[in-house]
Amino acid sequence: MLKNFFLNTVRNMKKQRGYVLLNLGGLVIGITSFLFISLYVIHELSYDRFHSGYENIYRLKVIGRMAGSELNQAVTAAPMAQAMLNDYPEIIKATRTRGMGEWLIGYGENRFNEEGVMFADSNFFDVLDFRFLKGDPESALVRPRSMVMTEEYARKYFGDADPVGQKVTMESDTVLFTITGVIENVPDNSHIKFDILASLSTYPQMANNQFWISHNFYTYIEVADGTDKNVLQEKLQEMIIKYVGPQLQEALGTSIDDFRNAGNDFSYVLEPLKDIHLKGAVQYNLEPPGSPSTVFIFAIIAFLILVVAIINYVNLATAKSAGRAKEVGVKKVSGASKAGLISQFLAESVLIAAIAGIISMLLVLALTPSFNQLIGKTLSVSLFSVNGVIAILILILLVGFSAGFYPAFVLASFKPADVLKGTLSPGSMSKRLRGILVVFQFAVSIVIIIGSILVYRQLNFMTRKDLGFDKENLIVIKRSDAFWRQRETFRNQVMQIDGVVNAGFSRQVPGMEFSNNAFFRDDDPDKNMYLLQQAWVSFDYPQALGVKLASGRFFSRDFGTDSTSVMINESAVRLLGLKEPVVGQYITQPAGPREFRRYQIIGVMKDFNITSMHKAIDPVCFSVLFPGGGDQYATLRLSGKNIPATLAAVERKWKEFTPTQPFQYEFFTDTWNNLYTSEMKAGRIFFLFSFLAIFIACIGLIGLVTFMTNKRTREIGIRKTYGASMPIILNLLIREIVILISISSLVAWPLAYYGSRYWLSSFADKASVSPLIYFLASVIVLVIGFIAVSYQTIKAASYSPANALRTD
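Note that the structure is a prediction, hence the values are computed from the model and not measured. (Residues numbered from 1 in each chain as written. Predicted model: local features only at pLDDT ≥ 70, side-chain atom pairs only at ≥ 80, totals over all residues. Heavy atoms only, no water.)

### Things to note about the overall build of the protein
Within the protein one finds 26 helices and 25 strands. Sequence-distant contacts in the protein: of pairs separated by 6 or more residues, those separated by 24 or more amount to 80%. For the protein, the exposed area adds up to about 35,700 Å²; of that, 58% sits on carbon and sulfur atoms. (Helix = DSSP H or I, 4+ residues; strand = E, 2+ residues; numbered from the N terminus. Contact = heavy atoms within 4.5 Å. Areas by Shrake-Rupley, 256 points an atom, 1.4 Å probe, with all protein chains shown as cover.)

This is the structure we're talking about:
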């Protein structure tokens, strides 16, 4: 019986081949879009959940306020991990990790500057369990100068040879590091990204630092089962009194109570490991955080596109009801029950949904690599796992029943007598509902188009806005500290190259994290501290970068005191509360217990951006680069003429000074644009799925126009008999579509307005939103809709009046 039912269903579908293909196409696009966006949303929500026991793992962060500056830092003090283990028995494990810039790694002839180098405590893999391919996770980082590599980087240096036991150089150090383990490549959905992990015990002075006021380490803890996070977090504040207070008194001569009474404060917060990507700290993150607003918006888009596909099916099915009325009448006369007809039509919709689901799964599998490349993510596809298959089956049933429920009841409700007499007007009972569904479809399309335009405008605004310096024709060369004793000589010689306009050196460049350090005014008896973004730069760096002076002067070799001077920007002047004249005043920086550095302000720079426009302009301080000083960058300003020849000459000069350090450079514009990678990914997804949403809506519109033309065929024939021209007939048929799209616009515009405000709220600097954007989105939908239905309307308008009048 079931077999006969299935065969009859397939036979009926064959008779409606064109209608089935249109429905199938709409559902395939809808389900495929839903699956792709769902994979993206799941990927963003699944960060760090691959670690066993992740529910009990937390990262410590510091939040608070210091002299008007907000603190929300992912780093804590070096001694904190051990102190928590000593003081709180519910904390069963604690480990630390930190990065220290780029490292030159060498093995044989292979020498590379590696950015993905981090250092960690010996128990790091006991808390965060990255999967080992070779070596023992318990002992891999116990000894100093031990190193673990990912599979990709082990192959990069050692090829197919076994890396364990091999030795590599780091920088110019003559004592080698030993490879003690190889792990799988760090998953894409991990907030900790590293390629090489070395033992923190290699540098005991740093690892055993007991200074609680300096924050440089990422600290992770694992708590016992049943531990109340909020209770533990409240207990952790005791550490501020016990450990931070005495050092604050010693360093600044102020008590923790006085510090708080002055409007300053900070506290320790436990971040669940699974929440770090979307809800984590905003300063000193190991990777750019995800955007909860973007994930939320995409989840809504996925749902709406699927609903649009279902509505498309409903529209086509009810529009086709005119053609199936006689089929229903004949079957009812032959004894078919209403329940049987409903079952038949529901079976058709579920079967179409099943075919669409299978095709969608195959498309997802085939297109995932391209989609990953488009959005810059590595989405995992587990559609054929048990959970994946169950989810797909549930989705198919939901889509099939949702799409087929209303059309099945409409068709099964036809009365045989009315159908066979020709007095039934199929579809008339659902005209209002059909109009509402079309309005919904196009409202969704308009909202997504407006979102796409706004994302594009914001990206364009961020990448083109004046930063306060000229970002064009700047190159940044990594690791100029390789010849730091000769950097002045290098600058003098590179300045002789045609095409080089200026050159300078620095430890930080805009677009990367500056040091967030505390200062206080020299004339402030209360020693209220203010946080400035500090960078150490050479004498010529501000001019090479192209910052502009508001007052005072740039650094100069002609003034011997400039090595203990600073330049600050206008935002720093406002934060510090300095009164004019600012130039000549002093600010002081705590440098350790009972240790201070006193700087004279010699120049005030006009405000400029050092971070993305998610944040307001930071208060910035430039200090003169001291000898050595760790990783350094050479920034060269080029004339813009014959850049390849200029770069080739610079590279030759570089190799004269450091033949072992690779010449690695980036154009500053590329570095800066990388700050907006997540927004660019969001823009690509918006553009792609706005097109698909419109395409689905147009399929539904074709169904609506088909219904309209079938219903008004006789009217068209009469009008043509009385001399109506083709434009008049076209206007007659298209007018209703224009009205529906106009109503869709009125629905979509407020939704798009509030949605755009929600997304743009994460940016300190925003592109202006013109009302013309909303109008443009509606015009785009109108034009696309007009094109989509032109064929059908012209076909209807071309009917011979005699044939039209014979239509019953």
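After that view, the rundown keeps rolling.
### Structural notes on the packing of helix α7 (residues 229-236) against helix α8 (residues 238-252)
Two quantities define a packed helix pair, namely the angle between the axes and the distance from one axis to the other. Where α7 meets α8, the axes come as close as 4 Å, and the angle between the chain directions of the two elements is 25°. By the angle class used here, α7 and α8 are roughly parallel. Within the contact between the two elements, α7 uses E234, K235 and L236 and α8 uses E238, M239 and I240. Classifying every residue of the contact of α7 with α8 by side-chain character gives three nonpolar, no polar and three charged. (Axes fitted to C-alpha atoms, helices over the stretch in contact; angles between N-to-C directions. Parallel < 35°, antiparallel > 145°, perpendicular 65-115°, else oblique. Nonpolar A, V, L, I, M, F, W, Y, C, P; charged D, E, K, R; others polar.)

### Side note on empty space enclosed by the protein
Gaps between atoms show up when a probe of the same size as a water molecule is rolled over them. According to the stated counting rule, one finds two cavities of 30 Å³ or more in the structure shown. Put simply, the second largest cavity is a space of about 40 Å³. Among the residues forming the lining of the second largest cavity, the class breakdown is four nonpolar, three polar and one charged. (1 Å grid on protein atoms, 1.4 Å probe; cavity = no way out; pocket = protein on both sides within 12 Å on 5 of 7 lines; lining within 4 Å. Points joined across faces, edges and corners; volume = space filled by probe spheres on them.)

### Observations concerning the confidence of the model for the protein
Averaged over all residues, the pLDDT of the protein is 83; the fraction at 70 or higher stands at 84%. Least confident of the elements in the protein is helix α1 (residues 2-15), whose mean pLDDT is 52; most confident is strand β9 (residues 146-150), at 97. (pLDDT = per-residue confidence, 0-100.)

### Considering unusual backbone geometry
Cis geometry is adopted by the peptide bond preceding P581, which originates at E580 and carries an omega value of -5°. Take P581: it is sitting in the loop between α19 (570-576) and β21 (586-592). Notably, R145 is not glycine yet its phi reads approximately 60°, a positive angle. Structurally, the position occupied by R145 is in the loop between β8 (132-135) and β9. Residue R145 is classed as partly exposed on the basis of its relative accessible area of 22%. (Buried < 20%, exposed > 50% of the residue type's maximum accessible area, 1.4 Å probe, protein only.)

### Observations regarding the environment of A764
Examined against the element boundaries, A764 turns out to sit in the loop between α24 (726-760) and α25 (771-797). For the pair A764 and K615, spaced 149 residues apart in the sequence, the C-alpha separation amounts to 5.1 Å. Dropping the residues within four chain positions of it, A764 is found in contact with M613, H614, K615 and A616.

### Some details on the packing of aromatic side chains
Following the criterion strictly, the structure yields 35 aromatic pairs and no others. One aromatic cluster is present, formed by F483, F490, F505, W654, F657, F663, Y665 and F667 through successive ring pairs. Above the ring of F217, the side-chain terminus of R98 is found at 5.3 Å from the ring centroid. Above the plane of the ring of Y586 lies R598, whose end atom (NZ or CZ) is 3.8 Å from the centre. (Phe/Tyr/Trp six-rings, centres within 6.5 Å; stacked < 30°, edge-to-face > 60°. Lys NZ or Arg CZ within 6 Å of the ring centre and 35° of its normal.)

### Comments concerning a nonpolar patch on the surface
A grouping of I355, I359, L363 and L367 is seen on the molecular surface, where their side chains present a nonpolar patch of about 270 Å² in accessible area. Looking at the secondary structure, you find L363 in helix α13 (residues 338-375). For L363, a relative accessible area of 32% puts it in the partly exposed group. (Patch = residues over 30% accessible without salt bridge, like charges linked within 9 Å, V, L, I, M, F, W, Y side chains within 5 Å. Salt bridge = Lys/Arg side-chain N within 4 Å of Asp/Glu carboxyl O.)

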